[in-house]
Structure formats: C-alpha cells, structure tokens
Amino acid sequence: MQSLKLSHLMLRQFIKFGLVGTLGFFADSFALYGFMNFLGLNLYTGRVASYLVAATTTWALNRAYTFSDLKHKGGNKKKQWGKFLLVNLVGGGVNYGVYALLVSVYALFASFPVLAIAIGSIAGLFFNFFLSSKIVFGKSSHIQEPS
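The notes below deal with the structure included here.

So, how was this worked out
- Residues numbered from 1 in each chain as written.
- Predicted model: local features only at pLDDT ≥ 70, side-chain atom pairs only at ≥ 80, totals over all residues.
- Heavy atoms only, no water.
- Helix = DSSP H or I, 4+ residues; strand = E, 2+ residues; numbered from the N terminus.
- Buried < 20%, exposed > 50% of the residue type's maximum accessible area, 1.4 Å probe, protein only.
- Polar contact = N/O pair within 3.5 Å; in protein donor to acceptor, adjacent residues only side chain to side chain.
- Contact = heavy atoms within 4.5 Å.
- Phe/Tyr/Trp six-rings, centres within 6.5 Å; stacked < 30°, edge-to-face > 60°.
- Lys NZ or Arg CZ within 6 Å of the ring centre and 35° of its normal.

1. As for the side chain of threonine 66
Turning to step 1, where the next piece is worked out: Relative to the elements of secondary structure, threonine 66 occurs in helix 2 (residues 45-66).
Turning to step 2, where the next piece is worked out: Threonine 66 sits in the buried class, given a relative accessible area of 1%.
Turning to step 3, where the next piece is worked out: Of the polar contacts made by the side chain of threonine 66, one reaches the side chain of asparagine 62; its length is 2.6 Å.
Turning to step 4, where the next piece is worked out: Contact partners of threonine 66, with chain neighbours within four places excluded, come to Gln13, Lys16, Phe17, Val20 and Leu61.

2. Considering the packing of aromatic side chains
Turning to step 1, where the next piece is worked out: Under the definition given, this model contains eleven aromatic pairs.
Turning to step 2, where the next piece is worked out: Centroid distance phenylalanine 14 to phenylalanine 126: 5.4 Å. Interplanar angle 25°. Geometry classified as stacked. In this pair, phenylalanine 14 is assigned in helix 1 (residues 2-39) and phenylalanine 126 in helix 5 (residues 113-136), connecting sequence segments 112 residues apart.
Turning to step 3, where the next piece is worked out: Joined through ring pairs, the aromatic side chains of Phe14, Phe17, Phe67, Phe84, Phe126, Phe129 and Phe137 make up one cluster.
Turning to step 4, where the next piece is worked out: One Lys or Arg, lysine 16, reaches over the ring of tyrosine 65 and ends 5.0 Å from the middle of that ring.
Turning to step 5, where the next piece is worked out: Over the aromatic face of tyrosine 99 sits the side chain of arginine 47, whose NZ or CZ is 4.8 Å from the ring centroid.

Set out below in structure tokens:
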C-alpha cells in the first residue's frame with residue numbers, strides 16, 4: 001500500500017514536472033529568439049543563454065510547485081539552484097545534443113529552431129526529472145504522504 005502511494009505521488013510529481021517543463025520550453029524559446037534577434041547571438045550561443053533562462057525558471061517553479069511537499073525549504077536557495085543546474089546538465093546535454101543535431105542536419109529545424117527545442121526538451125525530460133527528484137529536491141525517503 002505504501003509503495004502504491006509513493007508511485008502515485010511520483011506520477012503526480014512527474015506530471016507537474018512536465019507542466020513546469022512546458023513553461024520552461026516557452027521561456028527557452030522566447031529567450032532564444034530574443035537573444036538571436038536583439039543581441040545577434042547565433043543558433044548555438046543563443047541556445048546556451050536561453051537554456052540558463054529556462055533552467056532558472058524551471059528550478060523556481062519546481063521548487064514552489066512540483067516538489068513543494070519535499071523537505072527542502074530550509075536549504076540554501078543559491079546552493080540548490082547551483083545543484084539544479086549541475087545535475088540537469090545531463091538532461092541539458094541530451095537536450096542540447098538533440099537540438100544541435102537537428103538544426104545542423106535538417107533545414108526545417110534550422111529555419112524553425114523552436115521545433116528542435118521541443119524535441120530536445122522531451123529527450124532531456126526523463127533525465128532531469130529523475131536527477132531533480134533524487135538529488136536536488138530530496139531523496140525518495142523524504143517524500144511526505146499527501147494529506
């Protein structure tokens with residue numbers, strides 16, 4: 001029974017993480033186009049900068065919404081943000097690698113990089129959820145049962 005409750009809670013967290021990731025996708029996309037159009041960055045350097053915008057956005061939202069039931073409120077926010085960026089480099093690397101491959105190989109994705117961002121984001125989602133839920137916001141033993 002306990003494992004069923006834990007599985008249900010993790011499924012809810014994964015869904016919330018996905019919703020937050022969707023908002024991160026929009027932050028990433030808008031930032032990329034802004035960096036390219038207003039700062040003159042290219043598809044690659046612009047994406048590195050836009051990823052930092054998206055990662056900061058998703059860290060804050062995941063802290064407040066997705067993992068609000070974990071015992072993390074007393075931690076140092078700067079350290080947690082840094083840990084979030086660090087562990088999400090795995091998913092971010094997958095995300096960026098898929099993105100870079102698509103925009104460099106296919107003209108469609110180079111013309112519409114938002115499509116490559118979407119595919120890269122989905123590819124990195126699973127890595128980021130696992131690492132964030134276990135390392136950044138607490139271990140599974142810290143999950144509190146829903147009230």
